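Letter by letter, the chains look like this.
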Amino acid sequence: MELWITAPHNEMLKLKLGPVVLYFHKPGKCSGVGSCIGATVAYGCLIVTVGDSLMLEEVDLMASNNMVLLPQTISEALGSAIEKVLESIKVPCRYTKYGCKETVTYSKIHDHERMCIHSPCTCPLPGCVFTASSECVYRHVRLRHANSTTRFSFNTALVISLEMNEKYVILQEKEEGIIFTLNHDVDRLGSVVNVNCIGPSSSKRGFSYDLIARNGGCSVKSQYSIESVSNWCPCTPRKAFLLVPNDMVGSRRRIELQLSIWKEDRYVLLGN
């Protein structure tokens, strides 16, 4: 591994690597900076002190155009020391204000935040920029957008008459307030329809749905797990959707749907 650093003509060089700062000084300056990594730099040689535990001997350096190449032994030693420092540093999740109380080692914080169930969600109503935890978004929609949602109950069939130019329906469960979106678009083969849940994609709670379209004696049905999305916007359903053929659209240019949203992910449990 090669590590190049800029060597300006001043008293000190500071190199920031995440929360760790490397300080490089000219001869006669300090050889350690508190709990950070300290170093002493001389022209043509380098003495490095990492905390109080690591001391590297004077070595020859390569220099070119005011850049200094640290030898491989120095680079590897610094890399190992930095890893140890990062493993010992704990930082709070950036979603603290949304309810997360976790503190995680710096080396694992990105993995944690990618899966954090407290990652913020945005209000799905067009023109609204409200962003908060999923629970706060549910409450916000109930208080501010009640007239723009369709209320339903889990495990109970809901009849929806969907116009051909209608891109979505915002659904809110009556008891828990959880928000779902019924998404719709028209394809050359017919209409595609699916359901999403507004919530962090890492949510461990699963939902599923049964969706039936009927016209006279004909019907088509789909049964899928529901994907959670934190930042929803109207778009063409791309996966886990029901295709309603064009010849099943009624003369009123509407699709008659029956939707049941289940409180558990029935199809994962069944292995589907």
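Preceding block: the structure.
Attention in this report is confined to the structure presented alongside it. Remember, it's a predicted structure, so these values are computed and weren't measured experimentally.

### Concerning helix 3 (residues 134–144)
At step 1: Those residues of helix 3 lying buried are Ser 134, Val 137, Tyr 138, His 140 and Val 141. One side of helix 3 holds all its buried residues, which, seen down the axis, span an arc of 165°. Residues of helix 3 that are exposed and point more than 90 degrees away from the buried face comprise Glu 135 and Leu 143.
At step 2: Buried residues along helix 3 sit against strand 11 (121–122), strand 12 (131–132), strand 15 (168–173), strand 16 (179–187) and strand 17 (190–198).

### Examining the nonpolar core
At step 1: The biggest cluster of nonpolar side chains holds 39 residues, and the ones touching the most others in it are Leu 171, Phe 180, Leu 182, Leu 257 and Ile 261.
At step 2: Counting residues per element, the ones that place at least two in this core are helix 3, strand 14 (158–163), strand 15, strand 16, strand 17, strand 18 (208–215), strand 21 (242–245) and strand 22 (254–262).
At step 3: In this structure, Leu 182 is in contact with Ile 160, Leu 162, Lys 167, Tyr 168, Val 169, Leu 171, Val 193, Asn 194, Val 195 and Leu 257, ignoring residues within four places of it in sequence.
At step 4: In terms of nonpolar packing, the next biggest core, distinct from the first, is built from five residues, Tyr 95, Tyr 98, Cys 100 and Cys 116 among them.

### A few points about the pairing of strand 19 (residues 218–225)
At step 1: By the bridge criterion, eight bridges tie strand 18 to strand 19 in an arrangement that is antiparallel. Its bridge partner lying in strand 19, Arg 214 is registered against Ser 219.
At step 2: Counting the residues between successive antiparallel strands, the hairpin from strand 18 to strand 19 contains two residues, one of them, Gly 216, with a positive phi of roughly 65°.

### Overview of the pairing of strand 22
At step 1: Strand direction decides the pairing type here: strand 14 and strand 22, joined by six bridges, are antiparallel. When the bridges of strand 22 are listed, Ile 160 appears paired with Leu 257.
At step 2: Alignment of strand 18 against strand 22, held across seven bridges, turns out to be antiparallel. For Leu 211, the partnering residue across the bridge sits in strand 22 and is Leu 259.

### Description of the pattern of salt bridges
At step 1: Tallied over the full model, the rule gives six salt bridges.
At step 2: Notably, a salt bridge pairs Glu 176 with Lys 263, separated by 3.1 Å at the nearest N-O pair. One end of the pair, Glu 176, is in the loop between strand 15 and strand 16; the other, Lys 263, is in the loop between strand 22 and helix 4 (266–269), with 87 residues separating them in the sequence.
At step 3: Judged by relative accessible area, Glu 176 falls into the partly exposed class, the value being 32%.
At step 4: With its nearest N and O atoms 3.6 Å apart, the salt bridge here joins Lys 239 to Glu 227. Taken together, the positions of Lys 239 in the loop between strand 20 (227–229) and strand 21 and Glu 227 in strand 20 put the pair 12 residues apart, joining distant regions of the chain.

The rules behind each value
Along every chain, residues carry numbers that run from 1 in the direction the sequence is written. Residues qualify for local features only when their pLDDT is at least 70, as the model is predicted, and side-chain atom pairs are given and counted only at 80 or more; totals for whole chains, interfaces and linings, by contrast, use all residues. Excluded from the side-chain calculations are hydrogens and water; all other atoms, namely the structure's heavy atoms, are used. Only protein chains enter the accessibility calculation, which uses a 1.4 Å probe; a residue is then buried when its area is under 20% of its type maximum, exposed when over 50%, and partly exposed in between. Each helix corresponds to a stretch of at least 4 residues labelled H or I by DSSP, and each strand to a stretch of at least 2 residues labelled E; elements are numbered beginning at the N terminus. This arc corresponds to the set of directions leading from the helix axis out to the C-beta atoms. Residues are treated as being in contact if the distance between any of their heavy atoms lies within 4.5 Å. Put simply, buried Ala, Val, Leu, Ile, Met, Phe, Trp, Tyr and Cys residues joined by side-chain atoms within 4.5 Å make one nonpolar core. Strand pairing requires that DSSP identify at least two bridges connecting the strands. When a carboxyl oxygen of Asp or Glu is within 4 Å of a side-chain nitrogen of Lys or Arg, the pair counts as a salt bridge.

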